[in-house]
Amino acid sequence: SKEIRESWLTHRNLLKKKIWVGLNERMNGLGKKAENFSQRFSNVIQELKDQNKDTESLEDGLERLNSDANLLKEAHEAIREKYQEANTREEIEALNEDSKELLKAMNELMKKDFKLMATLFRAANELKNGEISEETFEKLAEQIGEAAEKYVELQIALDEFKAGDA
């Protein structure tokens, strides 16, 4: 009975580890999609520049996305490294708990970034057809600010995770 319980706890924790590692990998996959958008969108900005359009607000949004993508990559790597090192049931349980806040912060930043991407796309289309509307311009500035706030929250969560105090 004791052996069965120990075996179950070990397998349960390995399953939990696979789930958390899987969540981290999915987050990384979304981050790669954001990077892909960033690369393609920089080409759009260049085309608009070639047409002598004012792309400053688009560049600000793209800079925010690139900065966020770098921090998300760093967070992904930190989680991956710690999970590779975790082997015992106690280590896995502690790591699952520690990584929870970091994954939440990563998710919140990604949600803001994907909204920002949609607004950047809309702004670029408006700029291709003339000018960016006041509404879109304000929304873009607001979303850049919101993403910056989530960036700070993720940086704090990452620092705490790396220190082991999360």
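Note that the structure is a prediction, hence the values are computed from the model and not measured.

What follows deals with the overall build of the protein. Helix and strand counts for the protein come out as four helices and zero strands. Seen in sequence order, the protein has helices and strands lined up from the N terminus as α-α-α-α. Taking 15 Å as the expected radius of gyration for a compact globule of 166 residues, we find that the protein reaches 20 Å, considerably beyond that expectation. On the principal axes, the C-alpha backbone points of the protein span a range of 75 × 25 × 20 Å. Expressed as a percentage of its 166 residues, the buried residues of the protein come to 39%. By sequence separation, contacts in the protein at least 24 residues apart represent 81% of the contacts at least 6 residues apart. When the accessible surface of the protein is split by element, carbon and sulfur atoms take 49% of a total near 9900 Å². The centroid of the 27 positive side-chain charges in the protein is displaced by 8 Å from the centroid of its 36 negative side-chain charges.

Moving on to the nonpolar core. Counting residues in each nonpolar core, the largest one holds 21 residues, and the members touching the most others are I79, L102, M106 and L154. Secondary-structure elements contributing two or more residues to this core are α1 (2-50), α2 (56-85), α3 (89-128) and α4 (134-163). In terms of residues, this core owes the most to one element, α3, which gives eight residues. With near-sequence residues (within four places) excluded, L102 lies in contact with A75, I79, L154, A157, L158 and F161. If you look at the next biggest cluster of nonpolar residues, it comprises 18 residues, including F37, L48, L116 and M117.

Below, the discussion takes up the packing of α1 against α3. In the contact formed by α1 and α3, the axes pass within 9 Å of each other and the chain directions differ by 20°. One finds that α1 runs roughly parallel with respect to α3. Remark: the crossing between α1 and α3 carries left-handed chirality. Taken together, the residues of the contact of α1 with α3 break down into 21 nonpolar, seven polar and eight charged.

This part takes up the confidence of the model for the protein. Here the protein averages 89 in pLDDT, and 99% of its residues register 70 or above. Least confident of the elements in the protein is α1, whose mean pLDDT is 82; most confident is α4, at 95.

Here we come to the pattern of salt bridges. Scanning all chains against the criterion turns up ten salt bridges. A salt bridge links E59 to K49; the shortest N-O distance between them is 3.1 Å. Pair noted here: E59 is in helix α2 and K49 is in helix α1, with a separation of ten residues, a long-range link.

Further remarks concern the side chain of N96. With respect to the helices and strands, N96 occurs in helix α3. Owing to a relative accessible area of 6%, N96 belongs among the buried residues under this scheme. Setting aside anything within four residues of it in sequence, one finds N96 in contact with K16, K17, W20 and Y83.

Attention now goes to α3. Compared with the 58 Å implied by 1.5 Å per residue over 40 residues, the 56 Å span of α3 between its first and last C-alpha is a close match. Of the residues flanking the end of α3, it is G130, one or two places downstream, whose phi is positive at about 145°.

Conventions we followed
- Residues numbered from 1 in each chain as written.
- Predicted model: local features only at pLDDT ≥ 70, side-chain atom pairs only at ≥ 80, totals over all residues.
- Heavy atoms only, no water.
- Helix = DSSP H or I, 4+ residues; strand = E, 2+ residues; numbered from the N terminus.
- Rg over C-alpha atoms; globule rule 2.2 N^0.38 Å.
- Buried < 20%, exposed > 50% of the residue type's maximum accessible area, 1.4 Å probe, protein only.
- Contact = heavy atoms within 4.5 Å.
- Areas by Shrake-Rupley, 256 points an atom, 1.4 Å probe, with all protein chains shown as cover.
- Lys, Arg positive; Asp, Glu negative; His and termini not counted.
- Charge placed at Lys NZ, Arg CZ, Asp CG, Glu CD.
- Core = buried A, V, L, I, M, F, W, Y, C linked by side-chain atoms within 4.5 Å.
- Axes fitted to C-alpha atoms, helices over the stretch in contact; angles between N-to-C directions.
- Parallel < 35°, antiparallel > 145°, perpendicular 65-115°, else oblique.
- Left-handed = near helix turned anticlockwise from the far one by under 90°.
- Nonpolar A, V, L, I, M, F, W, Y, C, P; charged D, E, K, R; others polar.
- pLDDT = per-residue confidence, 0-100.
- Salt bridge = Lys/Arg side-chain N within 4 Å of Asp/Glu carboxyl O.
- Expected span 1.5 Å × (residues − 1).

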